[in-house]
Each structure stands twice: as C-alpha cells, then as structure tokens.
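# Survey of secondary and tertiary structure
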Amino acid sequence: MSEDARGTSLQDALLQKTWHHSKFSDIPRLVSLKEKKGLKISLAFPTLNEEATIGKEILVMRTELMERYPLLDEIVVIDSSSKDNTRKVAERFGARVFDSKSILPNYGAYRGKGENLWKSLYVLEGDIIVWVDADISNIAPKFVYGLIGPLLEDDKTAYVKSFYERPIRSSGGISSTGGGRVTEILVRPLFSLFYPELARLIQPLSGEYSGRRSLLEQLSFSVGYGVELGHLIDILQLQGIEAMAQVDLDLRIHRNQTTAALGKMAYGILNTFTARIKKYGAAEILRELGDHHIALEMDASAEGSSHRVIKTDIPSVERPPIIEIPEYREKFKKG
C-alpha cells in the first residue's frame, strides 16, 4: 500500500466504525457485557427550561433501560437554574437533579451546556457516561443504547457520536432535512482544511454522545457552544481517530434555532476552534481576535433604513480537564 493510500485509509477509519442503532438493539446482550466487564453506566441530561420534554425523556429511559433492562445505573439532570419547572418535573419522574452552580462552587459558575457537562463528571458515578439533550420530542431507548453499544463491544472505542435526520420548521411548514446548518457551512469546511479525519463525522455537533470516564476526565470543556468541537480535536490528539465511532439514530425532532442564534453558535465554535489550533500548532494566528459576537439589526427608532450594532459577550472560558481538580481526584481516588 502506498503512503497516500495508508493516509487515506487512516482518514477513513471512522467510516469503518459507523453503524445503525439496530446493531445494538439486543439490550439483554448489552447488559450481559456490562456486567461481565464490571462497568457502571450513567445517563445525564443538561437542561435549561425543558419542562415540556424532560419528563418523558426520563420516563422512557428509566422504564426501559433501568427497570425493564438494568443497562443504566443512574439518570441525572444537571440544570442551569431553569426558570420553569424543569427540576421539579425531573425529580417527579425519578432523576437525581443538581443545579449546576451548586456543583464545585469554589470554581464559579457559567451558563452553558459545556459547563453542565463538565460539572456532571463530578456527580456522576459511571465508568461510561451518556449525554443526551433534553429537548427531544421523539425520544426512544435507541438514543441511549445506540451510544452505549460500541463502548461495550469494543474496548478500543472511547467516544461515540450520534447522527440522524433533523427536520427543520419554516414558514412553509416542515422540511424532512435542513438541520445541521452550522456543521455544513462552518465546521465541515474547517475540518476539511485542518483535520480531514474529523470531516468524516456525519454530525460532529450532535448533542447526543457517550464516552469512557477515563477519556472524558482528560478533556478540556468549553463552557458554551464549542464543547463538542473541542472534544473532537482533543480526542484526535490524545487517542487518534480510531478511538471514535458514530451511530445512526434515524430521526431527531427538536426545536430549531433561529438564524441569529446560529450566528452566535458559530462565533462560539470558532472561538474554540482557534484556541485548539493555537494549542496544537496547526496554524499561526497573526492578530488579536475580536472578543464579542457582532450582529446587525434594524433600528426602528431611526428614520429610513438604519441598522444598529448588537454586541453579545459569548464566554470563551475553558474548563480544565476535571482530573486536574483536587476535589475530583480525591472523590474518585485518582492518586
């Protein structure tokens, strides 16, 4: 095999570990593997004002994957101080619930999904961690067992991403596809330029994924939008593309973001991306970068067609690998 062919084969390694969730639908077999390997498995939902959907998600997973089949050992909600009844609903349906700001309070608190994921590592007990977004209206057990299966079947796999069809709502109704706009317009081009192996991820920003604690505790966590992208680049550097897998979950129905919200998401992702390429020497940044997301909107108070600048501070804070936190090392006996 030529050197070019070997490089292409390595880059395409992820496509050889791309499966449909049905491959892992024999849940009793997964339970047997879990027990044989002596593993605990935790499911966590990061939440912010999700009272409409979180109850059903917990009920489905607790009924099917704890009571019917003992695949999960715990279900936990990490909440960003929701203003609705998210925490009450989650407790009523049987989850352990934490307010994110109450976890490791000596390290401060930020609002953001990445913050909740980072802090969840401190309160979860599992050797395998599954994170699922809390706004899924078509929730089903496959969203969890599909992400656990590759980790139980292959000890070399350490991180599993989901992908799916994502219908998008518009003024004209619902289109069968169209979600993942930030991925196709921003992330895939960046990966194609800098990290071609990661461009083989079908949905690198998907909100449902799983990992081994032994890997996750070594990762930095962007507190906001860039957490998924940061993980992928860090894992590529730490363990290589061979540590990753991806699973098709068919269809995910959830709230779609506005174009303005997607712009802020893209800004946060770019912040994380530039931090990573500087960290790993993939590119030289020649000038200081801007520190706010800038958007333009019509100024209704002005005459004619006038716009005003809207600046949004989107935190680029990086939480360090949690294994560096003394309280974590003490709790989990990490020497």
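Note that the structure is a prediction, hence the values are computed from the model and not measured. (Residues numbered from 1 in each chain as written. Predicted model: local features only at pLDDT ≥ 70, side-chain atom pairs only at ≥ 80, totals over all residues. Heavy atoms only, no water.)

Assigned secondary structure in the chain consists of 11 helices and 14 strands. Taken over 335 residues, the chain has a buried fraction of 50%. (Helix = DSSP H or I, 4+ residues; strand = E, 2+ residues; numbered from the N terminus. Buried < 20%, exposed > 50% of the residue type's maximum accessible area, 1.4 Å probe, protein only.)

Think of a sheet as strands paired side by side through backbone hydrogen bonds, with each pair either parallel or antiparallel. Taken in spatial order, the eight strands of this open sheet run 1-11-6-9-5-2-3-4, and their pairing is mixed. Looking at the sheet topology across the chains shown, the edges are occupied by strand 1 (18-20) and strand 4 (96-99). Strand-to-strand twist in this sheet, taken as the mean axis angle between neighbours without regard to direction, amounts to 25 degrees. Along the sheet, helix 6 (residues 142-153) contacts strand 1, strand 2 (41-47), strand 5 (128-131), strand 6 (159-165), strand 9 (209-212) and strand 11 (244-251); its crossing angle with strand 11, the most-contacted strand, is approximately 155 degrees. (Pairing = 2+ DSSP bridges. Axes fitted to C-alpha atoms, helices over the stretch in contact; angles between N-to-C directions. Contact = heavy atoms within 4.5 Å.)

Each regular strand displays side chains that alternate between the two surfaces of the sheet. Among the seven residues of strand 2, seven are classified as buried, and the element is accordingly described as predominantly covered. What you see with strand 2 is no split at all: Ile41, Leu43, Phe45 and Thr47 on one side and Ser42, Ala44 and Pro46 on the other are buried throughout. Sheet topology places strand 2 next to strand 5; four bridges connect them, and they run parallel. Of the residues in strand 5, the one forming a bridge with serine 42 is isoleucine 129. Regarding the hand of the β-α-β motif, the stretch spanning strand 2, helix 3 (residues 54-68) and strand 3 (residues 74-79) is right-handed. (Right-handed = clockwise from strand over helix to strand, strands pointing away.)

A separate point is the packing of aromatic side chains. If you walk through the whole model with that rule in mind, you get seven aromatic pairs. Consider the rings of tryptophan 19 and phenylalanine 24, whose centres lie 5.8 Å apart with planes at 85 degrees: the pair is edge-to-face. On the basis of relative accessible area, tryptophan 19 is assigned to the partly exposed category, the value being 24%. Residues phenylalanine 194 and phenylalanine 273 carry aromatic rings whose centres are separated by 5.2 Å and whose planes lie at 70 degrees to one another, so their mutual orientation is edge-to-face. A residue pair is termed long-range when its members are at least 10 positions apart, and phenylalanine 194 in helix 7 (residues 181-194) and phenylalanine 273 in helix 10 (residues 259-279) qualify at 79 residues. Residue classification places phenylalanine 194 among the partly exposed residues on the basis of a relative accessible area of 30%. Taken together, Trp131, Tyr159, Tyr209 and Phe221 form an aromatic cluster joined through their ring pairs. Above the ring of phenylalanine 332, the side-chain terminus of arginine 213 is found at 4.3 Å from the ring centroid. Taking NZ or CZ as reference, lysine 331 lies 4.5 Å from the ring centre of tyrosine 122, over its face. (Phe/Tyr/Trp six-rings, centres within 6.5 Å; stacked < 30°, edge-to-face > 60°. Lys NZ or Arg CZ within 6 Å of the ring centre and 35° of its normal.)

The next point concerns the pattern of salt bridges. For the structure on display, the rule yields 22 salt bridges. Glutamate 153 is the salt-bridge partner of arginine 29, the closest N and O atoms lying 2.5 Å from each other. Placement of the pair is arginine 29 in helix 2 (residues 27-37) and glutamate 153 in helix 6, with a sequence separation of 124 residues. Here lysine 37 makes a salt bridge to aspartate 155, at a shortest N to O gap of 2.8 Å. Of this pair, lysine 37 sits in helix 2 while aspartate 155 sits in the loop between helix 6 and strand 6; the two residues are 118 residues apart in sequence, bridging distant segments of the chain. Relative accessible area serves as the criterion here: at 31%, lysine 37 is assigned to the partly exposed category. (Salt bridge = Lys/Arg side-chain N within 4 Å of Asp/Glu carboxyl O.)

Before going further, it helps to examine unusual backbone geometry. Despite not being glycine, leucine 104 has its phi angle at roughly 45 degrees, a positive value. Locating leucine 104 in the fold gives a position in the loop between strand 4 and helix 5 (113-123). Phi is positive for lysine 333, which is not a glycine, with a value near 55 degrees.

It is worth spelling out the packing of helix 9 (residues 227-238) against helix 10 at this point. Interaxial distance between helix 9 and helix 10 falls to 9 Å at its minimum, and their mutual angle equals 20 degrees. By the angle between their directions, the pair helix 9 and helix 10 is classed as roughly parallel. Both helix 9 and helix 10 take part in a crossing whose hand is right-handed. Two secondary-structure elements touch here, helix 9 through Leu229, Gly230, Ile233 and Asp234 and helix 10 through Ile269, Thr272, Phe273, Arg276 and Lys279. In terms of residue class, the contact of helix 9 with helix 10 is made up of four nonpolar, two polar and three charged. (Parallel < 35°, antiparallel > 145°, perpendicular 65-115°, else oblique. Left-handed = near helix turned anticlockwise from the far one by under 90°. Nonpolar A, V, L, I, M, F, W, Y, C, P; charged D, E, K, R; others polar.)

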